[in-house]
Amino acid sequence: MTDPTLNKNGNVYNHGTDVSFTAHLGSTYKNRAVEIWANPFGGDKPNKLLKTGTVNSSGTRIAPRTGKSTAYARVSVSTAVSKHYKTAKIGSTSYYWFHKSTDPLLTTTMSYYKGRKQRFDLQVYSGGKWYSADSEYFALGTNGKPAVRLGAPDKSGIKARMRSCTSTGRAATP
């Protein structure tokens, strides 16, 4: 007896992408049924029947069997910058420019999921190197848009960069 298999095990897909799986059952009897179930990550959602179908080949009778394929969803993450007075490039890198008395506002958008948090990482450039300045978690509202206001530095010439990612660290924007 061979356990059934599903393709695409271990693949990662963008959130909201439709994915088709193919089940291979090995030898089966004609008109046998196959079911594909989702087992969502976390304990807050029950298993869900996604699709049923009839086997399309003939063979010998076998007892019901179970196969498994795990696919992952990549959360869509984007960040908008506001309160700047201009954008400009230094070399090939674009920067947002802020007045030294203005609080930069960084708004991240990601798909909402109960309990998901945004991790905000901040780095500052000094002496030819990037240094980690802060890393903090922010809860997502149901709109998936936490906004982080950085305090005005009251000093000119500071180069900083940030990134936002999910609490699991699987998706990020530079």
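Details of the structure are given in the entry above.
Residues numbered from 1 in each chain as written. Predicted model: local features only at pLDDT ≥ 70, side-chain atom pairs only at ≥ 80, totals over all residues. Heavy atoms only, no water.

S.K.: I would appreciate a short explanation of the sheet that holds strand 7 (residues 77-82) in the present structure.
M.R.: Strand pairing in a sheet relies on backbone hydrogen bonds. The paired strands run either parallel or antiparallel. Reading across from one edge, 7-10-13 is the order of the 3 strands in this open sheet, with antiparallel pairing throughout. In this open sheet, the two edge strands, each paired with only one partner strand, are strand 7 and strand 13 (147-149). Direction aside, neighbouring strands of the sheet carry axes that sit 20 degrees apart on average. Note that strand 7 and strand 10 (residues 105-110) share 6 bridges and pair antiparallel. Bridge assignment links Val81 to a residue of strand 10, and that residue is Leu106. (Pairing = 2+ DSSP bridges. Helix = DSSP H or I, 4+ residues; strand = E, 2+ residues; numbered from the N terminus. Axes fitted to C-alpha atoms, helices over the stretch in contact; angles between N-to-C directions.)

S.K.: Any chance you could explain unusual backbone geometry here in plain terms?
M.R.: Most of the time, phi is negative for any residue but glycine, and the peptide bond is trans. The phi dihedral of Lys83 falls on the positive side, at around 80 degrees, and the residue is not glycine. Its place among the elements puts Lys83 in the loop between strand 7 and strand 8 (86-90). Here Asp154, not a glycine, exhibits a phi torsion of approximately 50 degrees, which is positive. Along the chain, the position of Asp154 falls in the loop between strand 13 and strand 14 (159-166).

S.K.: Any chance you could explain the side chain of Arg116 here in plain terms?
M.R.: Structurally, Arg116 is set in the loop between strand 10 and strand 11 (117-126). A polar contact is formed between the side chain of Arg116 and the backbone oxygen of Ser111, at a distance of 2.7 Å. (Polar contact = N/O pair within 3.5 Å; in protein donor to acceptor, adjacent residues only side chain to side chain.)

S.K.: What's the story with the side chain of Asp121 in this structure? I'm lost.
M.R.: By the element assignment, Asp121 lies in strand 11. Assessed through its relative accessible area of 15%, Asp121 is described here as buried. At 2.6 Å, the side chain of Asp121 forms a polar contact with the side chain of Ser135. Those residues within four positions of Asp121 in sequence are excluded, and the remaining contacts are Asp134, Ser135, Arg161, Met162 and Arg163. (Buried < 20%, exposed > 50% of the residue type's maximum accessible area, 1.4 Å probe, protein only. Contact = heavy atoms within 4.5 Å.)

S.K.: Is there a simple way to think about a nonpolar patch on the surface in this case?
M.R.: A cluster of nonpolar side chains, Tyr85, Ile90 and Trp97, forms an exposed patch at the surface whose accessible area comes to about 270 Å². Mapped onto the elements of the fold, Ile90 is located in strand 8. (Patch = residues over 30% accessible without salt bridge, like charges linked within 9 Å, V, L, I, M, F, W, Y side chains within 5 Å. Areas by Shrake-Rupley, 256 points an atom, 1.4 Å probe, with all protein chains shown as cover. Salt bridge = Lys/Arg side-chain N within 4 Å of Asp/Glu carboxyl O.)

S.K.: Even after reading the chapter, I still don't get the pattern of salt bridges, so can you show me in this structure?
M.R.: When charged atoms on two side chains of opposite charge get close, those side chains can pair. Following the criterion strictly, the structure yields 2 salt bridges and no others. With a shortest N-O distance of 2.9 Å, Asp121 and Arg119 are connected by a salt bridge. Its salt-bridge partner being Asp121, residue Arg163 comes within 3.1 Å of it at the nearest N-O pair. One end of the pair, Arg163, is in strand 14; the other, Asp121, is in strand 11, and 42 residues separate them in sequence. Residues joined by salt bridges that share partners form a network here, namely Arg119, Asp121 and Arg163.

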